[in-house]
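Remarks on the overall topology
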Amino acid sequence: MSERRVAFVTGASRGIGRACAVALAADGRDVAVGWSRDEEGAAKTVASVEEAGARGVAVQLDVASASSVDAGFSEIESTLGSVTVLVNNAGVTRDGLLLRMSDEQWGEVLRTNLDGAFHAVRRATPGMMKARFGRVVNVGSVVASTGSAGQVNYAAAKAGLIGLTRSVARELASRGVTCNVVAPGPIETAMLESLSPQRIEQLAGQVALGRLGTPEEVAAVVAFLCSEAAGYVTGAVVPVDGGLGMGH
């Protein structure tokens, strides 16, 4: 490579997003750390990126807003350069049973988890096409294929990511741009910390490997899909779920 690739990871203040940012930095990417509410967490991620030997910058944005995403990309372009590696990790949950789920619960999850990925991919595409190189990884979920009681909004958004990903993969393949989904199972993140120990034990028991995954295990797969070596992988849904979703 004649110059360092610039990566942008949304939702990178903690958990899977932070692990992805650090893994990409270790692979020689400069990394923009997207954050929405956790400024302190984003700063810690930037510090970890810099410890890995890369340049890092924290960028506040709301992925549900196209104008906010545009402003965020402009900030990255002025500080690090054009984004050619994009990891769409920003996401929220607003769980609830179908009959009690409000329009607001449905809409917020779809806007953040699905619209947000669309906004970011659309904004990144011109730079990737110009570079004739691009890597897009959308962080999905095993529930996109298995479903999950109490998560019709989340599962629908993550399933939508698969259709978005495969359409982008077909559209941009001739320009050297790949687009894939990584589908984690239950991972040791803050999202799970709100669950009871009994529920966490139950989730782990459903996994063939008998345990929860780590953010670093997800990030390792994301980093591979963002690498030069993964140039012949596109439109794929890669599970990192300990065998939970096998057969789906």
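Cut-offs and rules
Residues numbered from 1 in each chain as written. Predicted model: local features only at pLDDT ≥ 70, side-chain atom pairs only at ≥ 80, totals over all residues. Heavy atoms only, no water. Salt bridge = Lys/Arg side-chain N within 4 Å of Asp/Glu carboxyl O. Helix = DSSP H or I, 4+ residues; strand = E, 2+ residues; numbered from the N terminus. Buried < 20%, exposed > 50% of the residue type's maximum accessible area, 1.4 Å probe, protein only. Polar contact = N/O pair within 3.5 Å; in protein donor to acceptor, adjacent residues only side chain to side chain. Contact = heavy atoms within 4.5 Å. Phe/Tyr/Trp six-rings, centres within 6.5 Å; stacked < 30°, edge-to-face > 60°. Lys NZ or Arg CZ within 6 Å of the ring centre and 35° of its normal. Patch = residues over 30% accessible without salt bridge, like charges linked within 9 Å, V, L, I, M, F, W, Y side chains within 5 Å. Areas by Shrake-Rupley, 256 points an atom, 1.4 Å probe, with all protein chains shown as cover.

**Observations regarding the pattern of salt bridges**
Inspection of the entire model under this criterion finds eight salt bridges. In this structure, R123 engages D70 in a salt bridge whose closest nitrogen and oxygen atoms are separated by 2.6 Å. A residue pair is termed long-range when its members are at least 10 positions apart, and R123 in helix 4 (residues 103-131) and D70 in helix 3 (residues 66-79) qualify at 53 residues. D70 sits in the partly exposed class, given a relative accessible area of 37%. A salt bridge links E217 to R211, with the shortest nitrogen-to-oxygen separation between them at 2.8 Å. Taking relative accessible area as the criterion, R211 reaches 40% and is therefore assigned partly exposed.

**Overview of the side chain of Q151**
Tracing the chain through its elements places Q151 in the loop between helix 5 (143-146) and helix 6 (152-172). Using a relative accessible area of 12% as the deciding quantity, one classes Q151 as buried. Separated by 3.2 Å, the side chains of Q151 and D95 make a polar contact. Looking at Q151, its side chain comes within polar contact range of the side chain of S148, at 3.0 Å.

**What about the side chain of H119?**
Of note, H119 is situated in helix 4. Beyond its immediate chain neighbours, meaning those up to four positions away, H119 contacts V63, A64, S65, A66 and V69.

**What to know about the packing of aromatic side chains**
Describing an aromatic ring pair means giving the distance of the ring centres and the angle of the ring planes. By the definition in use, this model includes one aromatic pair. With 5.2 Å between their ring centres and 85° between their planes, F8 and F73 make a pair best called edge-to-face. With F8 in strand 1 (residues 6-9) and F73 in helix 3, the pair connects residues that are 65 residues apart, well separated along the chain. There is no split in this pair, since F8 and F73 are both buried. Geometry around F133 places R5 over its ring, the cationic atom sitting 3.7 Å from the centre.

**Some thoughts on a nonpolar patch on the surface**
On the surface, L98, W106 and V152 cluster together into a nonpolar patch covering about 290 Å² of accessible area. Along the chain, W106 turns up in helix 4. Judged by its relative accessible area of 39%, W106 falls in the partly exposed class.

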